[in-house]
Amino acid sequence: MTTIRLKFRASTVEGRPGTLYYQLCHKGRSRSVSAGIHIYPGQWTGTEGRPVRSGDTAGTVDGYQETIERNIQLLHSITESLETSGKDYSLGDVVERFRSGCSRVNSLKYIEEDIQELVSRGKYGTARNRRRSLTSFAKYLQGKDIPLSEWTCGLLRGYAEWLYGKSLTRNTVSFYMRNLRSVYNKAVKDGLVPQGNPFSNVYTGTDRTSKRAVDESVMLRLKELDLSCAPALDLARDMFLFSYCTRGMAFIDMVFLRREDIRGGSIVYRRRKTGQKLRIRIETCIGNILKKYGRNRQDSPYVFPVIRSQDVRTAYSEYQTALGYYNRKLKRLSCLLNLDPPLSSHVARHSWATAARNRNTPIAVISSGMGHTSERTTRIYLAALDESLIDSANRSILAPLERS
């Protein structure tokens, strides 16, 4: 007789979700099989042996419970079948048949469950990327769901060719492929499919794109603009300059910058992208902008008047809307300054890196200042600068010929 219980194993890393698994016991031996579900300790009730339904996670937990009940039913049917056969069997036989049965888990449904799990963990950006990939992949499959076990090199190569047929760039195609690869790797980890390499014949890298930076004189011209009659443009200008002055602080970090992050003559915050903690000395140009917006909305915990909601999901939605609005205002500012190509939310970051390099700042220092996790990323930022230096050197070499 085989007993089956649902168990919870907490993560060894503080703040990370733990794993639900099925514990199988047979003839004094035990075996664990991942349920493919990750929840936090507060979402688990040991007395009842099931995830807790509460608030915004109720719908997600209901989906988890449905999956759990289906898998436990499958495990019971497998053990009953093996026992009625009259032959001796091991827990390895049970697990092998269980994983074979789970390989019939449908792709689109599994991706949807992954999205819901990401949302429950507050990973809204990753969930948004998964949603975009799910929508695209579903269109390729023409709405027909297929088992995860059918993810082959041929299927994914066909999907890539379909994407290229829509005139998408290699980086965009790679974006969709990397999202699907993350889902596949999770399915492997959850024991739903055997380890394979169906992505071996598709591109999952990142092509180097042109990085735009503007000259320091543009920053001075931008600062001198009189925008007193255009508050929306004024805010966009101030945030762009603030980003430049704070070593290229990303827009998401600026809009979520809290008043409590300003202390002791410094700004101390964590990059949302990498989690790296950064400290920035408040120079005069930074202090002037902080002082300007410090008088507004004292009831808000944020420095800039962009995010209004205290609800995490709503606040992230407000950030996404604000980013598009910010870039549109930067284009308007570019028209006022006759800039081509126009400014964007990334230009301030690239411009600071370029200005630092122009002053012979070591790459290691620039990398640390920008919160990059490796100097390789910084070198990508500075690639355009390197090319301009080569062009300048070549121009001086050819000057005598040009004069003649």
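Note that the structure is a prediction, hence the values are computed from the model and not measured. (Residues numbered from 1 in each chain as written. Predicted model: local features only at pLDDT ≥ 70, side-chain atom pairs only at ≥ 80, totals over all residues. Heavy atoms only, no water.)

A. Molecular detail of the overall build of the protein chain. Looking only at helices and strands, the protein chain features 15 helices and eight strands. Taken over 404 residues, the protein chain has a buried fraction of 43%. Accessible area of the protein chain: about 22,200 Å², with a carbon and sulfur share of 48%. (Helix = DSSP H or I, 4+ residues; strand = E, 2+ residues; numbered from the N terminus. Buried < 20%, exposed > 50% of the residue type's maximum accessible area, 1.4 Å probe, protein only. Areas by Shrake-Rupley, 256 points an atom, 1.4 Å probe, with all protein chains shown as cover.)

B. Quick look at the sheet that holds strand 6 (residues 262-263). Overall, antiparallel pairing links the three strands, which are arranged 6-7-8 in an open sheet. At either end of the open sheet lies a strand with only one pairing partner, and these are strand 6 and strand 8 (277-281). (Pairing = 2+ DSSP bridges.)

C. Looking closely at the environment of Asp234. Residue position: Asp234 is located in helix 8 (residues 231-245). The spatial distance from the C-alpha of Asp234 to the C-alpha of Lys223 is 9.8 Å, given a sequence separation of 11 residues. Dropping the residues within four chain positions of it, Asp234 is found in contact with Leu227, Lys292 and Tyr293. Looking at Asp234, its side chain comes within polar contact range of the side chain of Lys292, at 2.8 Å. (Contact = heavy atoms within 4.5 Å. Polar contact = N/O pair within 3.5 Å; in protein donor to acceptor, adjacent residues only side chain to side chain.)

D. Fine view of the pattern of salt bridges. For the coordinates displayed, the defined rule picks out 12 salt bridges. Note that Glu117 and Lys186 form a salt bridge whose closest N and O atoms lie 3.5 Å from each other. Pair noted here: Glu117 is in helix 3 (residues 107-120) and Lys186 is in helix 6 (residues 170-189), with a separation of 69 residues, a long-range link. Note on Lys186: relative accessible area 14%, which makes it buried. Here Arg237 makes a salt bridge to Asp238, at a shortest N to O gap of 3.1 Å. Each member of the salt-bridge network shares a partner with another, and the members are Asp234, Arg237, Asp238 and Lys292. (Salt bridge = Lys/Arg side-chain N within 4 Å of Asp/Glu carboxyl O.)

E. The arrangement of helix 12 (residues 347-358) in detail. Here helix 12 is 12 residues long and its end C-alpha atoms lie 16 Å apart, about the 16 Å a rise of 1.5 Å per residue gives. Following helix 12 by one or two positions, Asn360 has its phi on the positive side, about 60 degrees. (Expected span 1.5 Å × (residues − 1).)

F. Seen up close, the packing of aromatic side chains. A full pass over the atoms with the stated rule returns 20 aromatic pairs. Here the aromatic rings of Phe137 and Trp151 are separated by 5.6 Å at their centres, their planes lie at 80 degrees, and the arrangement is edge-to-face. On the criterion of sequence distance, the pair formed by Phe137 in helix 4 (residues 124-140) and Trp151 in the loop between helix 4 and helix 5 (153-164) is long-range, its members being 14 residues apart. Residue classification places Phe137 among the buried positions, given a relative accessible area of 0%. Assessed through its relative accessible area of 4%, Trp151 is described here as buried. Ring centres of Tyr184 and Phe199 lie 6.0 Å apart, and the angle between their planes is 65 degrees; this geometry places the pair in the edge-to-face category. (Phe/Tyr/Trp six-rings, centres within 6.5 Å; stacked < 30°, edge-to-face > 60°.)

G. Focus on unusual backbone geometry. At the junction of Asp340 and Pro341, the peptide bond is cis and its omega measures out at 5 degrees in the coordinates. As for its position among the elements, Pro341 is in the loop between helix 11 (312-337) and helix 12. Unusually for a residue other than glycine, Gln142 sits at a positive phi of about 55 degrees. Following the sequence through the fold, Gln142 ends up in the loop between helix 4 and helix 5. In this structure, Asn338 takes a positive phi of about 55 degrees despite not being glycine.

H. Representation of the pairing of strand 3 (residues 29-39). Pairing geometry for strand 2 (residues 18-26) and strand 3, over nine bridges, is antiparallel. In the strand pairing of strand 3, Tyr21 is matched with Ser34. The turn joining strand 2 and strand 3, which pair antiparallel and follow one another in sequence, is formed by two residues; a positive phi near 55 degrees is taken by Lys27.

I. Focus on the sheet that holds strand 1 (residues 3-9). One open sheet accounts for three strands, arranged 1-2-3; its pairing is antiparallel. The open sheet has two edge strands with one neighbour each: strand 1 and strand 3. For this sheet, the mean inter-axis angle between neighbouring strands, taken without regard to orientation, is 25 degrees. (Axes fitted to C-alpha atoms, helices over the stretch in contact; angles between N-to-C directions.)

J. Looking closely at the nonpolar core. The biggest cluster of nonpolar side chains holds 84 residues, and the ones touching the most others in it are Phe137, Trp151, Met239, Phe240, Phe242, Ile267 and Phe304. Here this core gets nine residues from one element, more than from any other, and that element is helix 6. If sequence neighbours within four positions are ignored, Phe137 has contacts with Leu108, Ile111, Trp151, Leu155, Tyr159 and Leu180. Listed in part, the 21 residues of the second largest apolar core include Leu6, Trp44, Leu91 and Phe98. (Core = buried A, V, L, I, M, F, W, Y, C linked by side-chain atoms within 4.5 Å.)

K. The arrangement of the packing of helix 4 against helix 5 in detail. Where helix 4 meets helix 5, the closest approach of the two axes is 11 Å, and the angle between their N-to-C directions is 100 degrees. Our classification of the angle between helix 4 and helix 5 gives roughly perpendicular. In contact with Ser133, Ser136, Phe137, Lys139 and Tyr140 of helix 4, helix 5 contributes Leu155, Gly158, Tyr159, Trp162 and Leu163. Classifying every residue of the contact of helix 4 with helix 5 by side-chain character gives six nonpolar, three polar and one charged. (Parallel < 35°, antiparallel > 145°, perpendicular 65-115°, else oblique. Nonpolar A, V, L, I, M, F, W, Y, C, P; charged D, E, K, R; others polar.)

Bear in mind that shape data such as this cannot, by itself, settle questions of function.
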